[in-house]
Amino acid sequence: MGLPELLPILVIALYFLGTGLFVVGSALRHEALKNAALGLAALGFALHTLDLAQLLTGAEAAHGLTAGRFLFCLLGWGILLIFLMLWWRLKLKFLAVVAMPLALMLYLAANATVGVSAKLPPMLSGLFFFLHIGTLFASMALLAMAFGAGLAFLHLEKRIKTKAGLKHFQKDMPSLDTFDRVNHFVSLCGFPLYTLGLASGYVWAWLAARRVFSLDPKEIMALIVLALYAYLFHQRLTMGWRGRKPAVMAVCVFLLTVLSMLGINFLVPTTFHGFKP
C-alpha cells in the first residue's frame, strides 16, 4: 500500500487520537496531554494538506473540485486551519475540543462520499470556484469557532450566575471575555467573507445562466443566514453588542449553515446545489 492509499488512514487515526487525548487531558487538567494532542492534530493537518494537494493535481483535478470528497475534505481542513490561527493569535487552546472532532467528522464524511459530486456548472472553476466556495468555507470555519466559543460562554455564564461553581476542567477554561473576543473576531472577518462568497455566486449565476436568483432552497437558506449574520455584524460593531446575545446568535447562524450544507444538499433533490452520485 503506497502513501496515497495510506494518507486517509493516517489522517483519521491522528485526528481520532488527538481528539481523545485532548478530552482526557482536559478532564485531568494535564497540559502535557493536551499539548501532545495538539501535536497529533498538527501532524494530521499536515497530512490532510498533502491529501488536498493530491486532489488538486493530476488529470482529474478539474473534476475533483466538484467531488464530494474534495469539498468535505476542504471544509474540514479549513476549520482546523482557522483553529490553529486562533490558537496562535489568541492562545485559545480550548477550541480544539470543537475543531478536532469537526475536522475528523468532515474528513470521515469526505471518504464516505467518494463517487458523489456537486451539481456545479462548468463555469464555476478555477478562480471563480475558490472565490465562491473558498470564501464561504472560510466563513463557515470561522463560524465553527464562534459556535464552540458561544457554547462555552453560555455554559460558563450559567454556572457563574447560578453560583454552581466550576468543575475541575472548567477552571482551566479562558474567561468569558476571551470567548467574547472570538465572537467579535468572527463577526469582523466572517461576515465580509460570507458576503463575498454569496455575491460571487450570484455573479457567476448571471454569467452561467443569465439569472441572479431562483427559488432554489439553498439560495433561500443562504439569504436567511446572510440576514442573521449581517444583524450580528451590525449589532457587534455598531451597537456594541457583547456577551450572551451575540453568543446565542453565533450558535444559531452556525447551525443554520450546517442545515444548509448537509440537510438541503443531501435531502432536497430539487436543489440546484445538491450532491449526486
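Starting afresh in each chain, residues are numbered from 1 along the sequence in its written order. Local features are withheld for residues below a pLDDT of 70 in this predicted model, meaning they are given only at 70 or higher, and side-chain atom pairs are given and counted only at 80 or more; totals for whole chains, interfaces and linings count all residues. Heavy atoms throughout the structure, all of them, feed into the side-chain values; hydrogens and water do not.

Asker: Please provide a residue-by-residue account of the overall build of the protein, values included.
Answerer: Of the regular secondary structure elements, the protein holds 9 helices and 2 strands. In the protein, of all internal contacts separated by at least 6 residues, the share reaching a separation of at least 24 is 77%. For the protein, the computed accessible surface area is about 13200 Å², with 74% contributed by carbon and sulfur atoms. Numbering goes from the N terminus for both helices and strands, where a helix is a DSSP run of H or I of at least four residues and a strand is a run of E of at least two. Two residues form a contact once any of their heavy atoms are found within 4.5 Å. Per-residue and other accessible areas were derived by the Shrake-Rupley procedure at a 1.4 Å probe size, with only the shown protein chains allowed to occlude residues.

Asker: An account of the environment of L21 is needed here, citing residue identities and associated values.
Answerer: Position of L21 relative to the elements: it lies in helix α1 (residues 3-28). Through-space distance from the C-alpha of L21 to that of L40 is 9.2 Å; in sequence the pair is 19 residues apart. Non-local contacts of L21, meaning those with residues more than four positions away in its chain, are made with L33, A36, A37 and L40.

Asker: Describe the pattern of salt bridges, with residues and values.
Answerer: Salt bridges are defined by distance alone: a side-chain nitrogen of Lys or Arg within 4 Å of a carboxyl oxygen of Asp or Glu. All told, the structure shown has 6 salt bridges when counted by the stated rule. With its nearest N and O atoms 3.0 Å apart, the salt bridge here joins K34 to E31. With K34 and E31 both in helix α2 (residues 31-55) and 3 residues apart, this pair spans about one turn of that helix. Any residue under 20% of the maximum accessible area for its type is buried, any over 50% is exposed, and the rest in between are partly exposed; the area is computed with a 1.4 Å probe on protein chains only. A residue is classified by how much of its surface remains accessible, and E31, at 35% relative accessible area, is partly exposed. A salt bridge links E157 to R244; the shortest N-O distance between them is 3.2 Å. One end of the pair, E157, is in helix α6 (residues 126-161); the other, R244, is in helix α9 (residues 244-267), and 87 residues separate them in sequence. Judged by relative accessible area, R244 falls into the partly exposed class, the value being 45%. Three or more residues joined by partner-sharing salt bridges are found here, namely D177, D180, R236 and R242.

Asker: How would you summarise helix α5 (residues 96-112) if you had to cite specific residues and measurements?
Answerer: One less than the number of residues in a helix, times 1.5 Å, gives the span that helix is expected to have. In a regular helix each residue adds 1.5 Å, so 17 residues correspond to 24 Å; α5 covers 24 Å between its end C-alpha atoms and thus fits that length. Of the residues making up α5, those classed as buried are A96, V98, A99, M100, L102, A103, L104, L106, Y107 and A110.

Asker: Just give me the short version of the nonpolar core, but keep the residues and values in it.
Answerer: Of all hydrophobic cores here, the largest spans 74 residues; its most connected members are I79, M145 and V182. Those elements that place two or more of their residues in this core are α1, α2, α4 (68-90), α5, α6, α7 (176-209), α8 (217-237) and α9. Ranked by the residues each element gives to this core, the list is headed by α6, at 16 residues. Excluding its chain neighbours within four sequence positions, the residues that come into contact with M145 are I79, I82, F83, L86, L95, V98, A99 and V182. What is meant by a nonpolar core is a set of buried Ala, Val, Leu, Ile, Met, Phe, Trp, Tyr and Cys residues, joined one to another through side-chain atoms within 4.5 Å.

Asker: Go over the environment of F191 with me, naming the residues and quoting the values.
Answerer: For F191, the position within the fold is in helix α7. Taking the relative accessible area as the measure of exposure, F191 reaches 15% and is therefore buried. Counting along the chain gives 39 residues from F191 to A230, while the straight-line C-alpha distance between them is 6.8 Å. Contact partners of F191, with chain neighbours within four places excluded, come to V186, L226, Y229, A230 and F233.

Asker: Please provide a residue-by-residue account of the packing of α2 against α5, values included.
Answerer: Here the axes come from fitting lines to C-alpha atoms, over the contacting stretch only for helices, and the angles between their N-to-C directions go from 0 to 180 degrees. Where α2 meets α5, the closest approach of the two axes is 12 Å, and the angle between their N-to-C directions is 35 degrees. Regarding α2 and α5, the two cross each other, and that crossing is left-handed. Of the residues in α5, those touching α2 at A37, L38, A41, H48 and D51 are A96, M100 and Y107. Partitioning the contact of α2 with α5 into residue classes produces 6 nonpolar, 1 polar and 1 charged. Should the near helix be turned counterclockwise from the far one by less than a right angle, the crossing is left-handed, whereas a clockwise turn marks it as right-handed. Three residue categories are used. Nonpolar comprises Ala, Val, Leu, Ile, Met, Phe, Trp, Tyr, Cys and Pro, charged comprises Asp, Glu, Lys and Arg, and polar comprises the others, including Gly.

Asker: Tell me about a nonpolar patch on the surface, and please be specific about residues and values.
Answerer: A cluster of nonpolar side chains, L6, I9 and L10, forms an exposed patch at the surface whose accessible area comes to about 230 Å². Mapped onto the fold, I9 is located in helix α1. Residue class for I9 comes out partly exposed when judged on its relative accessible area of 49%. Patches draw on residues past 30% relative accessible area with no salt bridge. Two like charges within 9 Å are joined, as are two nonpolar side chains (Val, Leu, Ile, Met, Phe, Trp, Tyr) within 5 Å.

Asker: Which residues make up the packing of aromatic side chains, and what values do they have?
Answerer: Pairing of aromatic side chains here covers Phe, Tyr and the six-membered ring of Trp, requires ring centres within 6.5 Å, and sorts the geometry by plane angle: under 30 degrees stacked, over 60 edge-to-face, intermediate tilted. What the rule picks out here adds up to 8 aromatic pairs. Judged by centre distance (6.1 Å) and plane angle (75 degrees), the ring pair of F94 and F179 falls under edge-to-face. Linking F94 in the loop between α4 and α5 with F179 in helix α7, this pair joins segments that are 85 residues apart in sequence. Side by side, F94 and F179 carry an identical accessibility label, which is buried. These aromatic residues form a ring-pair network of at least three members: F191, Y194, Y229 and F233.

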